[in-house]
Amino acid sequence: NMARFSHLPLPEEVLDYLDEKGIMHYAEIPLWGSPNSLVNKNELLPKIWLTKLVNSQFNHPAIIGWSVGNEIGNNPGVTEYVKDAINFVRTRLDTTRLVSDVNYSAGKNDNDPAQFAEMILYNMYGAKWLKYNINEVYKRYPKPLFMAEFGDALNEDEVNLGILPLKAMVDSMRKLPYLTGASLWTFNDYRSSYQHTAENWSTKPSENRAWGIVNVHRHKKKAYYEARR
């Protein structure tokens, strides 16, 4: 009953639905990736975004925490930014909820922004190394951890070719006492122009980002039935 939905603030009607169904959520500002000049404690725009986010969504019980950014760990000012942003939310905006960033670097860094969060939100891809990386995070930062994204690699938009090693990934995460849960990235395919140096991570010329267990038309791939099992 907890999931990661987006790197952006969710629409009001979606939050109403989460409230009604009792689905927990971290609300998040659209600060993502590197290089990103906004990942700097002296930049005002992230604080403006956080203020607007908290003030407009504060009364939604589905929101159990706030996220100050997603996968920003490769920016040189990230540690000071996250420390300052989390403190800003805790002291100026909302003293009652959890605050974190969504992280992919805590498994390899000893001075990582994960040190400032009560619960670590962690992204990890690759079925082979999933459990190893989760354990590495906990060794460095022994606190509750939620897999904000997990997956293997892009699959296919063709339903009969869209497969994922989901059983192996879920089995590798079972019985880890500090792991509170995991959210698969992602339910549906979506449009994107994102490119990557690894071929199985780059978007095709169609601009369809085939992460989903259903395609853009919500047709169920083979991975959907594996996820349900």
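Residues numbered from 1 in each chain as written. Predicted model: local features only at pLDDT ≥ 70, side-chain atom pairs only at ≥ 80, totals over all residues. Heavy atoms only, no water.

What about the environment of L166?
Right, on to step 1. Turning to its location among the elements, L166 is positioned in helix α5 (residues 166-173).
Right, on to step 2. Residue class for L166 comes out buried when judged on its relative accessible area of 5%.
Right, on to step 3. Expressed as a C-alpha distance, the spacing of L166 and T79, which sit 87 residues apart in the sequence, is 33 Å.
Right, on to step 4. Those residues in contact with L166, other than ones at most four positions away along the chain, are F150, L184, A223, E226 and A227. (Helix = DSSP H or I, 4+ residues; strand = E, 2+ residues; numbered from the N terminus. Buried < 20%, exposed > 50% of the residue type's maximum accessible area, 1.4 Å probe, protein only. Contact = heavy atoms within 4.5 Å.)

Regarding the packing of aromatic side chains
Right, on to step 1. Counting across every chain of the model gives six aromatic pairs.
Right, on to step 2. Judged by centre distance (6.2 Å) and plane angle (65°), the ring pair of W32 and Y194 falls under edge-to-face. You can see W32 sitting in the loop between β1 (25-28) and α2 (45-57) and its partner Y194 sitting in the loop between β7 (190-191) and β8 (208-209), a full 162 residues away along the chain.
Right, on to step 3. Consider the rings of Y125 and W211, whose centres lie 5.1 Å apart with planes at 45°: the pair is tilted. Here W211 lies in the loop between β8 and α6 (222-228) and Y125 lies in strand β4 (residues 120-125), a separation of 86 residues in the sequence.
Right, on to step 4. Relative accessible area serves as the criterion here: at 14%, Y125 is assigned to the buried category.
Right, on to step 5. Here the basic side chain of K47 rests over the ring of F88, its NZ or CZ set 5.8 Å away from the ring centre.
Right, on to step 6. It is R97 that lies over the ring of F58; its NZ or CZ is 5.0 Å from the centre. (Phe/Tyr/Trp six-rings, centres within 6.5 Å; stacked < 30°, edge-to-face > 60°. Lys NZ or Arg CZ within 6 Å of the ring centre and 35° of its normal.)

Note that all results are geometric; they support no functional claim without further evidence.
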